[in-house]
Amino acid sequence: MLIFPAIDVKDGACVRLLRGDYATAHKVAENILDTARAFEAAGARWVHMVDLDGAKDSHPVNQESILSVARETGLSVEVGGGIRDLTTVEAYLQNGVRRVILGSAALKDPAFTKEALQRYGEKIAIGIDARGGKVATEGWLETSEVDFLTFAKQMEALGAKTLIFTDISRDGTLSGPNLSQLDALNRAVSCRVVASGGVSSLADLAALKALGLYGAICGKALYTGAVPLKEAIESIEEASDDATCPENLSVRPLFSKRRADPRNHPGGLHRPGAHARVYEPRILKKDARDRLYMVLVALAAGAVEQRRHFRPRAEGPLDLRGLRRRHAACNSRADGRGVPYGFAQLLL
């Protein structure tokens, strides 16, 4: 599970709010860039940034402060707040931001959201901020009648891959995350889910990790010292060894840039002279056995690619009939857990 340290920007300063109330804003750090560098020094790979003025005014206000972090650090930056059109999305992504978060616009302008998702894919995340289970917008100043689970499923249907969920009643309170709502969300959709709001301790992070979430955002807990970032990364993030996350999957040298699921191409990896095909595993949070399977697929694909370079061309194609017989034998196991055909292929 990834840890996302948070920087909320208001009037050019790094601040925190209590339950999203702008009247409670108080400065927690003197310099935004220095704060980001401190997070990076502690081992963070990502930083979650919100333009609070932009969220309220419906257009970017602190854009330059946010872009300075993208330019001046090695952190992957995700940003939300005031993003209402493709021009703003492009401005952020073209200037070093890794991921853009759509919140109010996702609820109020599904056509724009769909176009952004189609054009930029995983570079777009959907922010779901809920008050009493209903989606809030416009910097949390307005609350709709849309249920957060209904909205999540709508966003998944549009193509969203990452959802960032905040229970507003927990935000800034250090009272612990809303585990029940997060678990319900994680079970309702196949998207990667990032938790936000209420984290107060390493135990909270461990509880979120146990739900199988993709990530957790930490704000006030970091600034008060309740959660030491370096220790959180070492105990929660690195210990998870989540090789199925796109950010962590690193078997690059063995793969070509052509991408396809080898299960759809029987014999494809074994044809003499065939191009290597990469199976990029989809994150399946709910089943540890599926996770292990996906990691093994990636490793086996690399091994097959290495074998291809040393196999004499005169050898010819594999005996696919024999392969099918072995596959059938695998599927006849008493426990009913057979091996998918493409995976049996890779293991040869």
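Residues numbered from 1 in each chain as written. Predicted model: local features only at pLDDT ≥ 70, side-chain atom pairs only at ≥ 80, totals over all residues. Heavy atoms only, no water.

### Regarding the overall build of the chain
Scanning the chain for helices and strands turns up 14 helices and 12 strands. When each of the 348 residues of the chain is scored for burial, the buried share is 50%. Considering only contacts in the chain between residues 6 or more positions apart, those separated by 24 or more positions represent 66%. (Helix = DSSP H or I, 4+ residues; strand = E, 2+ residues; numbered from the N terminus. Buried < 20%, exposed > 50% of the residue type's maximum accessible area, 1.4 Å probe, protein only. Contact = heavy atoms within 4.5 Å.)

### Considering the packing of aromatic side chains
Scanning the model with the defined rule gives four aromatic pairs in all. Ring centres 5.6 Å apart and planes at 50° place the aromatic pair Phe 4 and Trp 46 in the tilted group. Here Phe 4 is found in strand 1 (residues 2-10), whereas its partner Trp 46 is found in strand 4 (residues 46-51), with 42 residues between them in sequence. On the basis of an interplanar angle of 55° and a centroid distance of 6.2 Å, the ring pair of Phe 4 and Tyr 214 is categorised as tilted. Here Phe 4, found in strand 1, pairs with Tyr 214, found in the loop between helix 9 (202-210) and strand 12 (215-218); they are 210 residues apart in sequence, far enough to count as distant. (Phe/Tyr/Trp six-rings, centres within 6.5 Å; stacked < 30°, edge-to-face > 60°.)

### With respect to the confidence of the model for the chain
Of the residues in the chain, 69% have a pLDDT of 70 or more, and the chain-wide mean is 80. Mean pLDDT across the secondary structure elements of the chain bottoms out at helix 14 (residues 341-347), with 43, and peaks at strand 6 (residues 99-102), with 98. Below a pLDDT of 50 lies the segment residues 241-286, which in the model reaches 103 contacts outside its immediate sequence neighbourhood of four places, other chains included. A low-confidence stretch, residues 332-348 (pLDDT under 50), is modelled with 41 contacts involving residues beyond four sequence positions or located in other chains. (pLDDT = per-residue confidence, 0-100.)

### Notes on the environment of His 26
As for its placement among the helices and strands, His 26 is situated in strand 3 (residues 21-29). Along the sequence, His 26 and Cys 14 sit 12 residues apart, while their C-alpha atoms lie 8.4 Å from each other. Leaving out residues up to four positions away in the same chain, His 26 has contacts with Cys 14, Val 15 and Arg 16.

### Thoughts on the packing of helix 1 (residues 32-41) against helix 3 (residues 63-72)
The interhelical angle for the contact between helix 1 and helix 3, taken along N-to-C directions, is 40°, at an axis separation of 9 Å. Judged by the inter-axis angle, helix 1 sits oblique to helix 3. Handedness of the helix 1/helix 3 crossing: right-handed. For the pair formed by helix 1 and helix 3, the contact residues are Ile 32, Leu 33, Ala 36 and Arg 37 on the first element and Ser 65, Ser 68, Val 69 and Glu 72 on the second. Here the residues of the contact of helix 1 with helix 3 are counted per class, giving four nonpolar, two polar and two charged. (Axes fitted to C-alpha atoms, helices over the stretch in contact; angles between N-to-C directions. Parallel < 35°, antiparallel > 145°, perpendicular 65-115°, else oblique. Left-handed = near helix turned anticlockwise from the far one by under 90°. Nonpolar A, V, L, I, M, F, W, Y, C, P; charged D, E, K, R; others polar.)

### Focus: the pattern of salt bridges
On inspection of all chains with the given rule, the structure shows 15 salt bridges. Among the salt bridges present, the one from Arg 119 reaches Glu 90, with a minimum N-O distance of 2.8 Å. Linking Arg 119 in helix 6 (residues 110-120) with Glu 90 in helix 4 (residues 86-93), this pair joins segments that are 29 residues apart in sequence. Classification of Glu 90 by relative accessible area gives partly exposed; the value is 23%. For the salt bridge of Glu 138 with Lys 108, the shortest nitrogen-to-oxygen distance reads 3.0 Å. Within this pair, whereas Glu 138 is found in the loop between strand 8 (134-137) and strand 9 (142-147), its partner Lys 108 is found in helix 5 (residues 104-108), the two being separated by 30 residues in sequence. The class of Lys 108 is partly exposed, set by a relative accessible area of 47%. It is possible to trace a salt-bridge network through shared partners that takes in Arg 84, Lys 108, Glu 138 and Glu 142. (Salt bridge = Lys/Arg side-chain N within 4 Å of Asp/Glu carboxyl O.)

### Points about the nonpolar core
Among the nonpolar cores identified, the biggest contains 66 residues, and Val 100, Leu 102, Ile 126, Leu 163 and Leu 205 are the most heavily contacted of them. Once you skip the residues sitting within four places of it in the chain, Val 100 turns out to touch Val 79, Ile 83, Val 89, Tyr 92, Leu 93, Lys 123, Ile 124 and Ala 125. Core analysis: the second largest hydrophobic core is formed by 10 residues, Leu 2, Ile 101, Val 194 and Ile 217 among them. (Core = buried A, V, L, I, M, F, W, Y, C linked by side-chain atoms within 4.5 Å.)

### Examining the side chain of Thr 88
By the element assignment, Thr 88 lies in helix 4. Here Thr 88 falls in the buried class, since its relative accessible area comes to 10%. If we ignore the near neighbours within four places in the chain, the residues touching Thr 88 are Pro 60 and Ile 83.

### Some details on the pairing of strand 4
Two faces make up the sheet, and in a regular strand the side chains alternate between them. For strand 4, a buried count of six out of six residues is recorded, marking the element as mostly surrounded by other parts of the structure. Neither face of strand 4 is left uncovered, since the one carrying Trp 46, His 48 and Val 50 and the one carrying Val 47, Met 49 and Asp 51 both have all their residues buried. Inspection of the sheet shows strand 4 paired to strand 5 (residues 76-80) by five bridges, in the parallel sense. Within strand 5, the position partnered with Met 49 by the bridge is Val 79. (Pairing = 2+ DSSP bridges.)

### What about the pairing of strand 5?
Burial of strand 5 is extensive: five of the five residues sit out of reach of the surface. Burial along strand 5 is two-sided: the face carrying Ser 76, Glu 78 and Gly 80 and the face carrying Val 77 and Val 79 are both buried. Pairing analysis gives three bridges linking strand 5 to strand 6, with the strands arranged parallel. Bridge assignment links Glu 78 to a residue of strand 6, and that residue is Arg 99. Note on the crossover from strand 5 through helix 4 to strand 6: the handedness is right-handed. (Right-handed = clockwise from strand over helix to strand, strands pointing away.)

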